[in-house]
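Architecture and fold: a report
Each chain is listed here by its residues.
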Amino acid sequence: MNKKIPIVSIIIATYNRAEFIDTTLDSILNQTYFNYEVIIVDDGGDDNTREVLETYLKDSRLKFFKRPKEYPKGCPGSRNFGLSKAQGEFIWFFDDDDIAHPDLLENCITELKNIKNDFCRFERTVFYDFEKIEFEEPTNLKIENISKKDLKQLIIGELPFNSCQVIWRKASLGKEHFRGDIIYADDWEFYSRLLAMGLKGVSIDKILLFARKHPGSATHKYKSGNKKILNSVILANFSVIDLVVEENLMDSQLFKFFYRKALFFNSYPIVKHLIEKSDLNFINRIKFKIGFYAYPAILPIFKIKSKLKCS
């Protein structure tokens, strides 16, 4: 008897998340759609994740691997390894601390049965208390088409493409992978590349994903000043700026978007790269360079003006 090939490959990169991964897997096992495999890739953690998984691994759909050394340490490397093991027609990169709506897969696979769709996106929200999550019945779903014309909205965040927020057709990815040297903003950089390739899909206007926020999350590590993450942000911005230039999309809005990110991250390398890649005259080049270094001094003035407007 031939083994049934899964339709969806769910790839979970994990690192010391024993306290959360059980509820994450429960949300997958509670899906109303059942034809999937779960590829769990341990990124070298040292907690009791493997012990927590013992009961779950009795389900033949769940598989556990250690990230091989030839794949760079970090979530992107672990995801790329998981992708090499995936058998499914569709790929879902899922975080080890998030929660999926029970109808998520069923709704997405319905849309992905249309061979014209390379991906299916859906809405997400964040949560801090698992006990307060409420799953609404996803009825009267509004479906919108997404294509390369929406690339700018993806980049500036008006149309978020977070890592777990999209299910992809594996064949549509081709040979594209996450960059192993970008461990934060890796999904933003990777998914921008994919949309720029001309992939087309749909977006379901319904919250189907719940992203957990806690002290161990990547967002929290970034805010704490983790240097590896900050360097990753710089590399991701370099890549996306280059992409915008290649696609002839750079305009005043996108320039301001990247410039403000540089100010936010206090990163002169981003400013330097942005200026070098943009069609600016000499005066504007000097203006934006000076503006970067003057920003810390004038920021308190902006804050005071903002408070006065609100009062």
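See the structure above.
Along each chain, residues carry numbers from 1 onward, in the same order as the chain's sequence is written. In keeping with the predicted nature of the model, local features appear solely for residues at pLDDT of at least 70, side-chain atom pairs appear and are counted solely at 80 or more, and the whole-chain, interface and lining totals rest on all residues. Water and hydrogen atoms were dropped before computing side-chain values, which therefore reflect all heavy atoms in the structure.

1. Topic: the packing of helix α9 (residues 227-246) against helix α10 (residues 252-265)
When two helices pack together, their arrangement is given by the angle between the helix axes and by the axis-to-axis distance. Put simply, α9 and α10 touch, their axes get as near as 12 Å, and they point 170° apart. Looking at the two axes, α9 sits roughly antiparallel to α10. Touching Leu230, Val233, Asn237, Val240, Ile241 and Val244 of α9 are Leu254, Phe258, Lys261 and Phe265, all from α10. Under this grouping Gly is polar, as are all residues other than the nonpolar Ala, Val, Leu, Ile, Met, Phe, Trp, Tyr, Cys and Pro and the charged Asp, Glu, Lys and Arg. Across the contact of α9 with α10, the residue classes tally to 8 nonpolar, 1 polar and 1 charged. Every axis in this analysis is a line fitted to C-alpha atoms, fitted for helices over the stretch in contact. Angles between the N-to-C directions lie between 0 and 180 degrees. Per the convention used, a helix needs a DSSP run of H or I reaching at least four residues, while a strand needs a run of E reaching at least two, with both numbered from the N terminus. Angular relationships are summarised with four words: roughly parallel below 35 degrees, roughly antiparallel beyond 145, roughly perpendicular across 65 to 115, and oblique for the angles in between. Contacts were defined at the residue level, with two residues in contact if any of their heavy atoms lie within 4.5 Å.

2. Comments concerning the packing of α10 against helix α11 (residues 268-277)
α11 packs onto α10 with a crossing angle of 160° between their chain directions and a minimal axis gap of 8 Å. Looking at the two axes, α10 sits roughly antiparallel to α11. Crossing angle aside, the handedness with which α10 passes α11 is left-handed. Residue-level inspection shows Phe255, Phe258, Tyr259 and Ala262 of α10 in contact with α11, the latter providing Ile270, Val271 and Leu274. Counted by class, the contact of α10 with α11 contains 7 nonpolar, no polar and no charged residues. Here a crossing is taken to be left-handed if its near helix is turned anticlockwise relative to the far helix by less than a right angle, and right-handed if that turn runs clockwise.

3. Overview of the side chain of serine 147
For serine 147, the location among the structural elements is in the loop between β7 (143-146) and α5 (151-156). Discounting chain neighbours no more than four positions away, the residues touching serine 147 are Leu195, Leu199 and Lys200.

4. Here we look at the pairing of strand β6 (residues 119-127)
Two strands make a pair as long as DSSP finds a minimum of two bridges between them. Where β6 lies against strand β8 (residues 166-169), 3 bridges are found, and the strand directions are antiparallel. Residue pairing in the sheet places cysteine 120 in a bridge with isoleucine 167 of β8. With 9 bridges connecting them, β6 and strand β9 (residues 201-212) associate as parallel partners. Looking across to β9, one finds that valine 126 is bridged to alanine 211.

5. Quick word on unusual backbone geometry
A positive phi angle is found at alanine 185, which is not glycine, with a value near 70°. Turning to its location among the elements, alanine 185 is positioned in the loop between α6 (170-173) and α7 (186-196). Of note, asparagine 266 is a non-glycine position whose phi angle comes to about 55°, a positive value. Within the element layout of this structure, asparagine 266 appears in the loop between α10 and α11.

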